[in-house]
Amino acid sequence: MNVTFNIVQNTKINTDVFTFKNPETVTYPVAPLISAKLFTPVGGVLTLKIRATLYINSDDAAPPTINIPTEYGTILTLIYSYDFSEVTPESCDVWYVEVDYSSETVGKINKIESFMKDVDPETSRGTSTVLP
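Reference entry: report on the structure contained in this document. (Residues numbered from 1 in each chain as written. Predicted model: local features only at pLDDT ≥ 70, side-chain atom pairs only at ≥ 80, totals over all residues. Heavy atoms only, no water.)

**Overview of the overall build of the chain**
Argument step 1. Looking only at helices and strands, the chain features zero helices and nine strands.
Argument step 2. Listing every helix and strand of the chain by position from the N terminus yields β-β-β-β-β-β-β-β-β.
Argument step 3. For a compact globule of 132 residues, the expected C-alpha radius of gyration is about 14 Å, and the chain comes in at 15 Å, within 12% of that figure.
Argument step 4. For the chain, the spread of C-alpha atoms along the principal axes amounts to about 45 × 30 × 25 Å.
Argument step 5. Relative to its 132 residues, the chain shows a buried fraction of 39%.
Argument step 6. Put simply, 72% of the contacts in the chain that link residues at least 6 apart link residues at least 24 apart.
Argument step 7. Total accessible area on the chain stands at roughly 7500 Å², and carbon and sulfur atoms take up 53% of it.
Argument step 8. Positive and negative side-chain charges in the chain, numbering 9 and 16 respectively, have mean positions lying 11 Å apart. (Helix = DSSP H or I, 4+ residues; strand = E, 2+ residues; numbered from the N terminus. Rg over C-alpha atoms; globule rule 2.2 N^0.38 Å. Buried < 20%, exposed > 50% of the residue type's maximum accessible area, 1.4 Å probe, protein only. Contact = heavy atoms within 4.5 Å. Areas by Shrake-Rupley, 256 points an atom, 1.4 Å probe, with all protein chains shown as cover. Lys, Arg positive; Asp, Glu negative; His and termini not counted. Charge placed at Lys NZ, Arg CZ, Asp CG, Glu CD.)

**Overview of the packing of aromatic side chains**
The way to describe two aromatic rings as a pair is by their centre distance and the angle between their planes.
Argument step 1. Under the criterion given, the structure shown has four aromatic pairs.
Argument step 2. With 5.0 Å between their ring centres and 85° between their planes, Phe18 and Phe20 make a pair best called edge-to-face.
Argument step 3. The class for Phe18 is partly exposed, based on a relative accessible area of 26%.
Argument step 4. The interplanar angle of 35° and the centroid separation of 5.4 Å between the aromatic rings of Phe18 and Tyr55 together place this pair among those described as tilted. Of this pair, Phe18 sits in the loop between strand S1 (3-12) and strand S2 (33-39) while Tyr55 sits in strand S3 (residues 47-57), placing them 37 residues apart in sequence.
Argument step 5. In this structure an aromatic cluster arises from ring pairing among Phe18, Phe20, Tyr28 and Tyr55. (Phe/Tyr/Trp six-rings, centres within 6.5 Å; stacked < 30°, edge-to-face > 60°.)

**Concerning a nonpolar patch on the surface**
Argument step 1. Taken together, Met1, Val3 and Ile68 make up a surface patch of nonpolar side chains, about 320 Å² in accessible area.
Argument step 2. Its location among the elements puts Met1 in the segment before S1.
Argument step 3. By relative accessible area, Met1 is classed as exposed at 64%. (Patch = residues over 30% accessible without salt bridge, like charges linked within 9 Å, V, L, I, M, F, W, Y side chains within 5 Å. Salt bridge = Lys/Arg side-chain N within 4 Å of Asp/Glu carboxyl O.)

What follows is the structure, encoded as C-alpha cells:
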C-alpha cells in the first residue's frame, strides 16, 4: 500500500507551567486528545488531517516521537512515543501535534485509535475518535 505520512507540526505550546485543576482525577499517562478530518488539498489527493494535544511531564523536555500510522480495515492507529516517568508529574507540557496521512484506502477510515506509548517500560494509554 502506498502511504504518505507528513508531520506538519510537533510543538510545545505552553510557556508557563501547566497543572491540572484536580490532579487526583487524572490518570497518567494522559490519553491524547484527537480531532481529525478528511480533506483534499488543491490539486492533491484525499488526506486525513489529525490534530492531537498531548500532556507530557514537564521534567521531560524531549518532544514526543510520532510513529507512522497503521491501517487495519477502517481503523487507523497512531502512536505517540515518549519516555514517561513512573512518578506522577507535578506539571505537564502541552504538545500540539499535527499530521497529514493519505493512502489508497484513506477514505474508508472511520475511526482513529491514538495511544501515548511509554518507551521504557513499554506501556500505553489511548483514545478512540470516530470520523463523521
